[in-house]
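# Architecture and fold: a report
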Protein chains: 2
Amino acid sequence: MAALTDSFVARLCEWVRIPSIGVDPRHHADVHESAGWLRDRLREDGWPEVEVWDHGPALPAVFACWPAEDPRAPTVLVYGHHDVQPVDPVERWDHPPFEPVISGDELLGRGASDDKGQVAMHLLGLKAHLAATGRSAPAVTLKLFVEGEEESGSPHLRKLLEDHEDQLSCDLVVFTDTALHERDAPTVNTGQRGVLGAEVTFYGGTDDVHSGRAGGAIPNPATALAKLVAALHDDDHRVRLEGFYDDVREPTAQEREDYASLPFDEERWLANNGGGARATQGEPGYTTLERIWVRPTAEVNGISGGYTGPGFKTIIPASATAKISFRLVPDQHPDKVAVQLREFVREHTPPGIRSEVGLRGEGVPPYAIRPDDPANEAVVEAMSLAFDEPVRFARAGGSGPAALLQALAGVPLVYLGATLPDDRVHAPNERVVVPLLLKGAEAAAHLWRILAQADIAKRLTR
Amino acid sequence: MAALTDSFVARLCEWVRIPSIGVDPRHHADVHESAGWLRDRLREDGWPEVEVWDHGPALPAVFACWPAEDPRAPTVLVYGHHDVQPVDPVERWDHPPFEPVISGDELLGRGASDDKGQVAMHLLGLKAHLAATGRSAPAVTLKLFVEGEEESGSPHLRKLLEDHEDQLSCDLVVFTDTALHERDAPTVNTGQRGVLGAEVTFYGGTDDVHSGRAGGAIPNPATALAKLVAALHDDDHRVRLEGFYDDVREPTAQEREDYASLPFDEERWLANNGGGARATQGEPGYTTLERIWVRPTAEVNGISGGYTGPGFKTIIPASATAKISFRLVPDQHPDKVAVQLREFVREHTPPGIRSEVGLRGEGVPPYAIRPDDPANEAVVEAMSLAFDEPVRFARAGGSGPAALLQALAGVPLVYLGATLPDDRVHAPNERVVVPLLLKGAEAAAHLWRILAQADIAKRLTR
Ligand SMILES: [Zn+2]
Ligand SMILES: [Zn+2]
């Protein structure tokens, strides 16, 4: 296993060196290189079927399949991504982001955790599985799908999945782009929030106006927009879109108990996850973890209007804009929230102001699996074996294409992840804890074995 | 008079060619050139005492004095400015802004109206005064003070006035930087609103935070700031700073009647002064003219926070800022409003948010003169004679250093102006109507004569 570990770290370093920043067109060639690199490693490892799906304008995705010997074995589709976040502000990195550094048991570099580390973990996991079981093929038919546009919001994913529907058919999706709760508290993730991004613009006149000439006598779109934003939450921080909570599934008593059992240090959380915020704040009656995992929210991501440079310019702005995103939980749907938002904006557009609502695509639906779903219980067993201790349940506050994958595949989706929430993904000095990835690989190796067992295999394949 | 007119227009064109944009350091040499140009013209015209006050960092001001023959004659200080507004967006000008164009009875170019045209008007007025009265010196001791930093908010004016207190001593200030109400409705301005600019910043954490990780669980400074801005006005558009209206002097019944008698076409006003706004809006019980002339207001000039570029970035911003300016009316004072604002911000800073309030200097106090003040009645008489019809009263919604001049000189201040509100000052295609400037010059010529009359002279000089 030491040799496997060494080559695993060397490989991951090699991959991290490829600056596959998908959101930056100047790095699109690197995204292609990254896909090619992964294709070559998969072939090296003996995957019988390996393809790069390169259908412009979509950035390339990598697909691989390794059939089980037993044709009745279930088929598992593993999802990950090989594009990485931008590195700004680059001056806040302690080392060049694409020159990986080993420090103690950490590997530092952009993408080390999100998501190259976890995709590499699956490659290692399969090797360990084959070695441990003495097989020449996995116990389940394994399919690997690694997209190149996750950090761009997966704009072409639906099309890609539809175009390759047959190749991607499976009995279970394993989604690998989430983290453990804490290093000392291994968890199985059971859901992610959805998201709907919107841009609300209020227009007053056609030009900025000198505030001495008209101040006090015409509507100010910045003031009107502030009133809309202020009305978005009540005093209890609940979102005031009409019907917003109608479809929200309350966490079960068991789930709340599970989350409450997790270690949680508020000060450390504020420093690591809260960006140095001074205090927590949110819906009464819910803990911080519940607020970010199982409660929906509306956040202003940006607001602008009028003169925002240095010094002063006494104008009434011609327009003002707020970018607002809604995090959604089961069983909310972005389409329905979009309708609620348009109605809310309509109601909060005062006379003399014209409003416009722009949406960020179709949004991302939320997703959650029941902790006692048989597939999830298989993950729990695999993780417990790998980490050698009981694992608990967690959720993710962020969003990903889990619901889309699940809906198109029409099968359950479970999460397998071994990174940490304080890996500084999307921030300077991203790192991954290597021993956790090794345990994750071990968990994957167990999972393929467990899923092939007659009982669960039958349930999965119907 | 035709010869005088021709040389007046030629001179003004020459002056407009000098791009004396005081707010732009790249044009500071031009501001110096402009001051030198004016100094040379004043010497040409025979003013016995002419100086350029060039005390860095202040941009140069021009001072001139022409003593009356009669030592008991009152001393009048005329105020104007020779710096001009920037010309952005330059592509919206129909001609190069500093290449003046004559079109019908208009002269187009940056500064033609604000304020070079009106300073030039005074030079012409004195010539006309001397010609009409056959004197070799004006009937009053005339002092001319033309500053170079008005469009920058006159940051060094107080110091300049204090340094030259003796030279500037006078019995009356004539402030020449305001307009007539309309071409067909000549008016005497009797006041300007004051202004206090402030920048309110709310800080949450030290960094922007991914809204998936912490959304719903930490304070959002943009949301908190929107709530503050929303709270700034009640539903009747009244400003909600505690005590804001305590010192507001209500217009008299006579003043309201005077303003109501002025022609006012709301659609034309919205198009010209309201920047194409769709509707008027303001405090109930006041007309649009009252709202911009005699009522105080708070306007958001700019708001910003978080991600404001194209597309989306789902962050909770680390901070958000609003630039807010308050227009003030007699007897409000910027110092007091600053205290009220700080208290308001303190009250509207929620837990977990840190606030900062930055002020734009000391602010500009409002100023108004009683319409029946003897000095103002002299202006009314001079204007009526020049325009050959009765003049009415108006106010200005904008702000200027009138209160500062008045307070430091310790004498009354009156307004003499002959430009128009739709001269597009501070905007592309600034113009001035030449025949109005000629009437303004005539009014000045009358005014010096009237002010020298025994009765009013005695009242002014005590
Ligand atoms: Zn990711
Ligand atoms: Zn001016």
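Residues numbered from 1 in each chain as written. Chains lettered and ligands numbered in written order. Predicted model: local features only at pLDDT ≥ 70, side-chain atom pairs only at ≥ 80, totals over all residues. Heavy atoms only, no water.

All names here are of chain B. Within the protein, the atoms that donate to the zinc ion (ligand 2) are His81 (NE2), Asp114 (OD), Asp177 (OD) and Asp177 (OD), at distances of 1.9 to 2.5 Å. Considering all four donor atoms around the zinc ion (ligand 2), angles at the metal cover 54 to 146 degrees and the coordination shape is irregular. Mapped onto the sequence, the residues coordinating the zinc ion (ligand 2) show the spacing H-x32-D-x62-D. Of the two residues, His81 sits in strand E3 (residues 75–81) while Asp177 sits in the loop between strand E7 (172–175) and strand E8 (187–192), which places them 96 residues apart along the sequence. The same class applies to His81 and to Asp177, which are both buried. (Donors = N, O, S within 2.8 Å, 3.2 Å for Na, K, Ca; no water. Tetrahedral: all angles 85-135°; square planar, octahedral: opposite > 155°, others 65-115°. Helix = DSSP H or I, 4+ residues; strand = E, 2+ residues; numbered from the N terminus. Buried < 20%, exposed > 50% of the residue type's maximum accessible area, 1.4 Å probe, protein only.)

Right, let's get into the coordination of the zinc ion (ligand 1). Donor atoms from the polypeptide that bind the zinc ion (ligand 1) are His81(A) (NE2), Asp114(A) (OD), Asp177(A) (OD) and Asp177(A) (OD), placed at 1.9 to 2.5 Å. Coordination at the zinc ion (ligand 1) is irregular, judged from the four donor atoms that bind it and the angles of 54 to 146 degrees they form at the metal.

Where the parts come together, the accessible area they lose is often given as the size of the interface. Contact residues are listed per partner, giving 81 residues for chain B and 82 residues for chain A. Counting across the interface, chain B meets chain A through two salt bridges. One salt bridge in this structure joins Asp207(A) and Arg92(B), with 3.2 Å as the shortest N-O distance. Where chain B touches chain A, the interface holds 43 residue pairs in polar contact (both at pLDDT 80 or more). (Contact = heavy atoms within 4.5 Å. Salt bridge = Lys/Arg side-chain N within 4 Å of Asp/Glu carboxyl O. Polar contact = N/O pair within 3.5 Å; in protein donor to acceptor, adjacent residues only side chain to side chain.)

The next thing to look at is the pattern of salt bridges. Residues and elements named next belong to chain A. Taken as a whole and assessed by the stated rule, the structure comprises 57 salt bridges over all chains. Of the charged contacts in the structure, one is a salt bridge between Glu199 and Lys323, with a shortest N-O distance of 2.5 Å. A residue pair is termed long-range when its members are at least 10 positions apart, and Glu199 in strand E9 (residues 194–203) and Lys323 in strand E13 (residues 319–328) qualify at 124 residues. Each of Arg11, Glu14, Arg41, Glu44, Asp45 and Lys127 takes part in a single network of salt bridges with overlapping partners.

For the rest of this paragraph, the subject is the sheet that holds strand E15 (residues 367–368) of chain B. Residue and element names in this part refer to chain B. Spatial strand order, E15-E8-E16: three strands in an open sheet with mixed pairing. Either end of the sheet is taken by a strand with one partner, and the two such strands are E15 and strand E16 (392–396). Here E8 runs beside E15; their pairing, made up of two bridges, is antiparallel. Looking across to E15, one finds that Gln192 is bridged to Tyr367. Relative to E16, helix H8 (residues 253–260) is tilted by about 95 degrees, and along the sheet it contacts E8 and E16. (Pairing = 2+ DSSP bridges. Axes fitted to C-alpha atoms, helices over the stretch in contact; angles between N-to-C directions.)

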